[in-house]
Amino acid sequence: MKQLQGRDLLSIADLNSEEIHELLNFAQQLKAGEIAPEGDLSEIRKAGSVLGLLFYKASTRTRVSFSVAMYQLGGQVIDLNPQQTQVGRGEPTEDTARVLDRYLDALAIRTFDHKDIETFAQYADIPIINALTDLEHPCQILADFITIKENFGSLAGITVTYVGDGNNIAHSLLLGGALMGINIRIATPQEYPPNQEIVAQAKQLAQNNSEIIVTNDPIAAVEKTQVIYTDVWASMGQEDSAARRIPIFQPYQVNDALVSHGDQDAIVLHCLPAHRGEEITASVIEGKQSRVWDQAENRMHAQKALLASILRK
Ligand code: CP
Ligand code: NVA
């Protein structure tokens with residue numbers, strides 16, 4: 001996909017619906033082992049390309065799926081552990097960004113403040129990929145959309161209900177769903193709503209193509225929904241409030257009773273890592289409606305399609 005060459009992915013809304021459709025199709029073709037749509041597989045090889053990983057938070061799926069995707073494209077990754085690079089000792093982001101720009105072909109960053117990746121993108125010309133911030137997790141949402149397509153054949157008109165904390169996953173779902181004509185329902189405790197600016201942006205993007213609902217009622221929200229999605233009650237960086245959150249979030253647990261209110265063919269998603277007995281029960285995550293392992297696998301296919309599209313040859 002030539003139009004993505006050299007582009008950043010900071011927010012899922014940096015892509016338009018056509019670009020997301022093309023990326024998902026490309027990823028599904030890669031997963032199926034088919035030839036890449038623009039020609040021979042050799043055209044998507046990025047031999048010698050180097051992706052930097054600058055992760056200030058823990059990661060299993062994102063780190064490993066990016067690494068394997070780069071390897072399979074013929075490139076490699078460098079782990080820029082902040083503990084071992086000067087940025088961890090206070091070298092300004094602006095300086096680090098301009099230097100890494102001279103060495104790397106792309107940089108994936110996992111951090112707290114979304115503004116930090118915007119600063120990287122401002123000072124570096126290479127593609128900057130949001131590998132999760134407190135505000136968004138766009139790479140996750142690409143994989144989620146592949147999983148929904150695999151189960152329902154399409155995205156438009158599907159209803160996805162996210163139950164839990166109004167966090168980065170909820171935000172990227174709101175924006176991505178709105179772009180793709182997916183009805184998005186977000187059910188959170190009153191104390192932990194999604195960011196109001198993101199909700200407004202999603203409503204604007206959705207226009208009349210999909211319904212965006214934000215509520216505090218989890219049972220009404222999952223009524224007849226086709227996808228039930230949850231995530232941890234305390235995200236990375238919120239460990240101090242984890243115990244305080246548990247009783248507040250209890251009514252939002254995705255358990256068999258809540259799932260029974262959804263469509264009988266509904267699937268259950270979780271970006272992982274999961275806390276069984278908190279946001280999801282063992283019976284649901286291990287149950288027949290769960291698609292979490294496919295969803296985790298799809299991270300790699302989505303990111304391979306993304307890297308093959310944004311990296312210059
Ligand atoms: N879902 C996700 O991003 O997982 P990791 O934190 O393991 O990368
Ligand atoms: N909301 C979670 C997602 C982890 C993949 C977090 O930010 O910790």
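Residues numbered from 1 in each chain as written. Chains lettered and ligands numbered in written order. Predicted model: local features only at pLDDT ≥ 70, side-chain atom pairs only at ≥ 80, totals over all residues. Heavy atoms only, no water.

1. Some remarks on the environment of Leu-311
Rules: Helix and strand assignments come from DSSP, with helices taken as H or I runs of at least 4 residues and strands as E runs of at least 2, each series counted from the N terminus. Burial classes follow relative accessibility: with a 1.4 Å probe on protein chains only, a residue under 20% of its type's maximum area counts as buried, one over 50% as exposed, and anything between as partly exposed. In this analysis, two residues are considered to be in contact whenever any of their non-hydrogen atoms come within 4.5 Å of each other.
With respect to the helices, strands and loops of the structure, Leu-311 is situated in the segment after helix H12 (292–310). The class for Leu-311 is buried, based on a relative accessible area of 0%. A sequence separation of 304 residues divides Leu-311 from Arg-7, and the C-alpha atoms of the two residues are 8.4 Å apart. Sequence-distant contacts of Leu-311, that is, excluding residues within four places in its chain, are made with Gln-5, Lys-46, Ser-49, Met-70, Asp-105 and Ala-106.

2. A look at the packing of aromatic side chains
Rule in force here: Aromatic rings from Phe, Tyr and Trp, with only the six-membered ring used for Trp, were paired whenever their centres fell within 6.5 Å, and each pair was classed as stacked if the ring planes differed by under 30 degrees, edge-to-face if by over 60, and tilted otherwise.
Across all of its chains, the model carries three aromatic pairs by this definition. Ring geometry for Tyr-162 versus Tyr-229: centroids 5.9 Å apart, planes at 50°, classification tilted. One end of the pair, Tyr-162, is in strand S5 (residues 159–163); the other, Tyr-229, is in strand S8 (residues 227–230), and 67 residues separate them in sequence. Note on Tyr-229: relative accessible area 1%, which makes it buried.

3. Here's the deal with the site of ligand 2
Put simply, the test is: Nearness of a residue to a molecule or strand requires only that one of the residue's heavy atoms be within 4 Å of it. Here a polar contact is taken to be a pair of N or O atoms separated by no more than 3.5 Å, where protein atoms must pair a possible hydrogen donor with a possible acceptor and residues adjacent in sequence count only if both atoms sit in side chains. Residue burial considers only the protein chains on display, and all accessible areas are found by Shrake-Rupley using a 1.4 Å probe. Residue polarity is assigned by list, with Asp, Glu, Lys and Arg as charged and Ala, Val, Leu, Ile, Met, Phe, Trp, Tyr, Cys and Pro as nonpolar; anything else, Gly included, falls into the polar class.
What surrounds ligand 2 is the set Leu-132, Asn-167, Asn-168, Asp-231, Val-232, Ser-235, Met-236 and Leu-272. Between a nitrogen atom of ligand 2 and a side-chain N or O atom of Asn-167, the distance comes to 3.3 Å. Side-chain polar atom of Ser-235 to a nitrogen atom of ligand 2: 2.7 Å apart, as the coordinates give it. Surface burial for ligand 2 is 95%, taken as the share of its 270 Å² of free accessible area covered by protein chains. For the shell around ligand 2, a count of residues per class yields four nonpolar, three polar and one charged.

4. A closer look at the pattern of salt bridges
The condition that has to hold: Basic side-chain nitrogens of Lys or Arg form a salt bridge, by our definition, when they fall within 4 Å of a carboxyl oxygen of Asp or Glu.
Using the criterion set out here, one finds seven salt bridges in the structure. Lys-57 is paired through a salt bridge with Asp-134; the nearest N and O atoms lie 2.7 Å apart. Taken together, the residues Lys-57 in the loop between strand S1 (50–55) and helix H2 (61–72) and Asp-134 in the loop between strand S4 (128–130) and helix H5 (138–152) connect sequence positions 77 residues apart. By relative accessible area, which is 7% here, Lys-57 ends up buried.

5. Describing the side chain of Thr-188
Its place among the elements puts Thr-188 in the loop between strand S6 (183–187) and helix H7 (196–206). With relative accessibility at 0%, the residue Thr-188 sits in the buried group.

6. Remarks on the packing of helix H3 (residues 93–103) against helix H4 (residues 114–123)
Note the cut-off: Lines fitted to C-alpha atoms define the axes here, with helix axes fitted over just the stretch in contact, and angles between the N-to-C directions of these axes take values from 0 to 180 degrees. Roughly parallel refers to an angle under 35 degrees, roughly antiparallel to one over 145, roughly perpendicular to one between 65 and 115, and oblique to any angle outside these ranges. Should the near helix be turned counterclockwise from the far one by less than a right angle, the crossing is left-handed, whereas a clockwise turn marks it as right-handed.
With their axes 8 Å apart at the nearest point, H3 and H4 run at an angle of 45° to one another. With respect to each other, H3 and H4 are oriented oblique. H4 is crossed by H3, and the crossing has right-handed handedness. In contact with Thr-93, Glu-94, Thr-96, Ala-97, Arg-98 and Leu-100 of H3, H4 contributes Asp-116, Thr-119, Phe-120 and Tyr-123. Tallied by class, the residues present in the contact of H3 with H4 amount to four nonpolar, three polar and three charged.

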